[in-house]
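If you want the building blocks of each chain, they are given just below.
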Amino acid sequence: MDTMVSAKAKMGSENRKNNGEELDCCIDASTCATAKVVGVGPANKFMNGNSYTKSNTKPSDALLLPMGMTNKVFFVMFFTASYFLMRRWREKMSTSTPLLHVMGFGEMLAILAQLASFIYLIGFFGIDYVQDFISTSKTNGGEGSWGEEFDQVRKEEVEELMSPPPCLQPISNEELGVAVVKPYQPSPPQVQHQRKGDAPILSSLLGDNEDEDIAAAVSCGKVASYSLESALGGDCRRAAWVRRRALEMTTGRCLDGLPLDGFDYGSILGQCCELPVGYVQIPVGVAGPLLLDGIENMVPMATTEGCLVASTNRGCKAIHMSGGATSVLLRDGMTRAPVVRFPTARRAAQLKFYLEHPNNYKSLSLIFDSTSRFARLQGIKCAIAGRNLYMRFCCSTGDAMGMNMVSKGVQNVLDFLQKEFPDMDVISVSGNFCADKKPTAVNWIEGRGKSVVCEAVITEAVVTKVLKTTVPALLELNMLKNLTGSALAGAMGGFNAHASNIVSAVFIATGQDPAQNIESSHCITMMEASGKDLHVSVTMPCIEVGTVGGGTQLASQAACLNMLGVKGANVESPGANAQRLARIVGGAVLAGELSLMSALAAGQLVKSHMKYNRISNKETKTTATI
């Protein structure tokens, strides 16, 4: 004990320097822990136990209010003062009073408030931005930056704080008789692993890199997904794989069930689909033969709905056994209706009269027809809503469905009318008076695309033997369901049982626009007694189909069109193939309506769907084995 006291006394009699200041050595370890005080070295610091903290005094600490509240106060002050001054000076300008020569106390106070808030906001945003910019540039900039020097000073201070003061230098157990105090050791920083999506691109030419690296670059946004086809030298299949892999990296979900191989991605580039990652398989069935206008047709139907092909096939059988069906093409014209605006309704009416005048139609027709070999203007119908004019152009389009063709012709006419009516403002080339992909009365009444009527007389024997019902039952059901029921529902062109089912299936199989199923399915189904037999017909005023362009050039869809004998354009009679396809669609709808109505009348609908729509894979395999 005497030895320890003498050692402490000896230690207390010595003075040692620390950062340029002399500190008396502590008598014991508890007082020594506070030996280093605030104010030592370039940065303020203190040590307490096994942790240290650095005082972080900010300029905002001098504010009376929190920084967020202060910012709001000065924002409000600046804009309030500005609004007050502008309003006062506007009043002076209206009364020809000098702006600055005569100033009231309120204006002077507003100017002072505006200047004060402006200076504060400039200091708050400008200085902070410049400081961050300089700090960033210095940190990224290289040697000798003040940021690096400050970091080095802080590092030295931390190391100094971590080392024990002179009074805690280790003393042998023989002299002190106590354990040695160990300095604080900070834990090493954790290393963050690089994400897979951050994989670098190794070569300046994107195609020279591995597909996995390209996909990772797409996933993390370094490479645009839409540019893969061009960046990879037109290798569309490779671009689809890379995009698909990048999608898996981004979502974390596997796409193994979506097929990739077995499809020509070059055939859809710039035509049918953007950013492809695969294709969806839809089974194609055939119904028929459909005897229409003396020609037998095997109708392709792409669908995932059970019983649809089988039901349509039964309708085809009933029609064939009764001598076939006939069709009539009423109209053939695609429409586009731009909307323009004039300063007054009178000026809009003047253009309406101009378009409807017979002397002007010939010149407008020449301007329209000059845009295509097949586009031929048939008429223009106008409608006015205030000072806005809607012009519904109708034209023939050959074997194409014709939306792009008619739009091009309409744009040409609008350019011409702009010169004749300089005050005309073209709002849109499509004003929904066309009307495309929407159920509308104008399409139901005026028609759009191909207007077709198909009819057939089904004998009483066929109704009984094949359709399993009676003629009176079908007549009653059609009146109560297709006519009365649809009227109660407020149907627009929906006076039928399921025309859209057949239209959609044929459209997908033959490469048509599936969205145009909306107006193409406008249909009224009529059933009337013809003696003891049944007269059935479907009237469809707007079947929008084509045999060239769009999805019709894809291999699978082209094969289905070839099955019907309407692939491509008809060289001898332009438009004949598309018209024939529209008749076949009408005939298929006739067969589908006849079969479904018979199933409903006979009470077989639910039974059939339970039989063919709910069969399990086990039962299928058993049947196939047998």
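Residues numbered from 1 in each chain as written. Predicted model: local features only at pLDDT ≥ 70, side-chain atom pairs only at ≥ 80, totals over all residues. Heavy atoms only, no water.

### Observations concerning the overall build of the protein chain
Per the secondary structure count, the protein chain includes 21 helices and 15 strands. Counting the 626 residues in the protein chain, one finds 39% classified as buried. Restricting the contact set of the protein chain to residue pairs at least 6 apart, pairs at least 24 apart contribute 67%. Here the protein chain displays about 35300 Å² of accessible surface, and carbon together with sulfur accounts for 58% of that area. (Helix = DSSP H or I, 4+ residues; strand = E, 2+ residues; numbered from the N terminus. Buried < 20%, exposed > 50% of the residue type's maximum accessible area, 1.4 Å probe, protein only. Contact = heavy atoms within 4.5 Å. Areas by Shrake-Rupley, 256 points an atom, 1.4 Å probe, with all protein chains shown as cover.)

### Looking at unusual backbone geometry
Across the junction of Gly288 and Pro289, the peptide omega takes the value 5°, indicating a cis bond. Looking at where Pro289 falls in the secondary structure, it is placed in strand 5 (residues 284-292). Omega for the bond connecting Cys434 with Ala435 falls within 30 degrees of zero, at -5°, which places this linkage in the cis form. Structurally, Ala435 is set in the loop between strand 11 (425-428) and helix 13 (441-446). The backbone of Leu275 shows a phi angle near 50°, a positive value even though the residue is not glycine. With respect to the helices and strands, Leu275 occurs in the loop between helix 8 (236-251) and strand 5.

### With respect to the confidence of the model for the protein chain
When the pLDDT values of the protein chain are averaged, the result is 82; 72% of them are 70 or greater. Across residues 1-55, confidence stays below pLDDT 50; counting only partners more than four residues off in sequence or on other chains, it has 60 contacts. Counted against residues more than four places away or in other chains, residues 622-626, with its pLDDT under 50, gives zero contacts. (pLDDT = per-residue confidence, 0-100.)

### A word on the pairing of strand 10 (residues 388-396)
Along strand 10, eight of the nine residues are buried, which leaves the element largely enclosed by surrounding structure. Alignment of strand 7 (residues 326-336) against strand 10, held across three bridges, turns out to be antiparallel. Bridging across to strand 10, Met334 finds its partner in Cys395. In terms of strand pairing, strand 8 (residues 339-341) meets strand 10 through three bridges, oriented antiparallel. Bridge pairing links Arg341 to Asn388 in strand 10. Pairing geometry for strand 9 (residues 376-385) and strand 10, over nine bridges, is antiparallel. Residue Gly379 lies in a different strand from strand 10, and its bridge partner there is Cys394. The hairpin turn running from strand 9 into strand 10, its antiparallel successor, is two residues long, and Gly386 in that turn takes a positive phi close to 65°. (Pairing = 2+ DSSP bridges.)

### A look at the nonpolar core
Here is a general trend for soluble globular proteins: nonpolar side chains tend to be buried in one another's company. Residues Met301, Ile319, Ile458, Leu534, Val589, Leu590 and Leu594 are the most contacted members of the largest nonpolar core, which totals 51 residues. It is helix 19 (residues 576-601) that provides the largest number of residues to this core, a total of eleven residues. Sequence-distant contacts of Met301, defined by excluding residues within four places in its chain, comprise Pro283, Val284, Gly285, Ala287, Leu308, Val309, Thr312, Ile502, Ala505, Val506 and Ala509. (Core = buried A, V, L, I, M, F, W, Y, C linked by side-chain atoms within 4.5 Å.)

### Topic: the packing of aromatic side chains
Within the structure shown, the criterion is met by eight aromatic pairs. Each ring, one from Phe78 and one from Phe79, has its centre 5.3 Å from the other, and the planes form 85°; the classification is edge-to-face. Note on Phe79: relative accessible area 52%, which makes it exposed. Taken together, a centroid distance of 6.1 Å and an interplanar angle of 80° make the contact between Phe342 and Phe421 edge-to-face. Placement of the pair is Phe342 in the loop between strand 8 and helix 10 (345-356) and Phe421 in the loop between helix 12 (403-420) and strand 11, with a sequence separation of 79 residues. Considered together, Phe342 and Phe421 belong to a single accessibility category, that of buried residues. Feature note: the residues Phe78, Phe79 and Phe118 constitute an aromatic cluster, connected by ring pairs. (Phe/Tyr/Trp six-rings, centres within 6.5 Å; stacked < 30°, edge-to-face > 60°.)

### Considerations on the pattern of salt bridges
Applying the stated criterion to the full structure yields 15 salt bridges. One salt bridge connects Arg245 with Glu212, and the closest N-O pair in it is separated by 2.9 Å. Taken together, the residues span a long stretch of sequence, with Arg245 in helix 8 and Glu212 in helix 6 (residues 211-219) at a distance of 33 residues. Among the ionic pairs, Arg448 bridges to Glu544, the shortest N-O distance being 2.9 Å. Placement of Arg448 in the loop between helix 13 and strand 12 (449-458) and of Glu544 in the loop between strand 15 (533-543) and helix 18 (555-564) is noted, with a sequence separation of 96 residues between them. On the basis of relative accessible area, Glu544 is assigned to the buried category, the value being 1%. Salt bridges sharing common partners tie together Asp436, Arg448, Glu519 and Glu544. (Salt bridge = Lys/Arg side-chain N within 4 Å of Asp/Glu carboxyl O.)

### Focus: the packing of helix 10 against helix 12
The interhelical angle for the contact between helix 10 and helix 12, taken along N-to-C directions, is 125°, at an axis separation of 13 Å. In terms of their interaxial angle, helix 10 and helix 12 are classed as oblique. Crossing hand, helix 10 versus helix 12: right-handed. Residues Leu351, Tyr354 and Leu355 of helix 10 lie in contact with helix 12, whose contacting residues are Phe416, Leu417 and Glu420. Of the residues in the contact of helix 10 with helix 12, the class split is five nonpolar, no polar and one charged. (Axes fitted to C-alpha atoms, helices over the stretch in contact; angles between N-to-C directions. Parallel < 35°, antiparallel > 145°, perpendicular 65-115°, else oblique. Left-handed = near helix turned anticlockwise from the far one by under 90°. Nonpolar A, V, L, I, M, F, W, Y, C, P; charged D, E, K, R; others polar.)

### Things to note about helix 18
For helix 18, the complete set of buried residues consists of Gln557, Ala558, Cys560, Leu561 and Leu564. Taken end-on, helix 18 shows its buried residues confined to a sector of 155°, consistent with a single buried face. Exposed side chains of helix 18 directed beyond 90 degrees from the buried face belong to Ala555, Ser556 and Asn562. Just downstream of helix 18 lies Gly565, where phi reads positive at about 80°. (Arc of directions from axis to C-beta.)

### Some remarks on a nonpolar patch on the surface
Nonpolar side chains collect at one region of the surface, where Phe75, Val76 and Phe79 lie side by side and expose about 290 Å² of accessible area between them. For Val76, a relative accessible area of 52% puts it in the exposed group. (Patch = residues over 30% accessible without salt bridge, like charges linked within 9 Å, V, L, I, M, F, W, Y side chains within 5 Å.)

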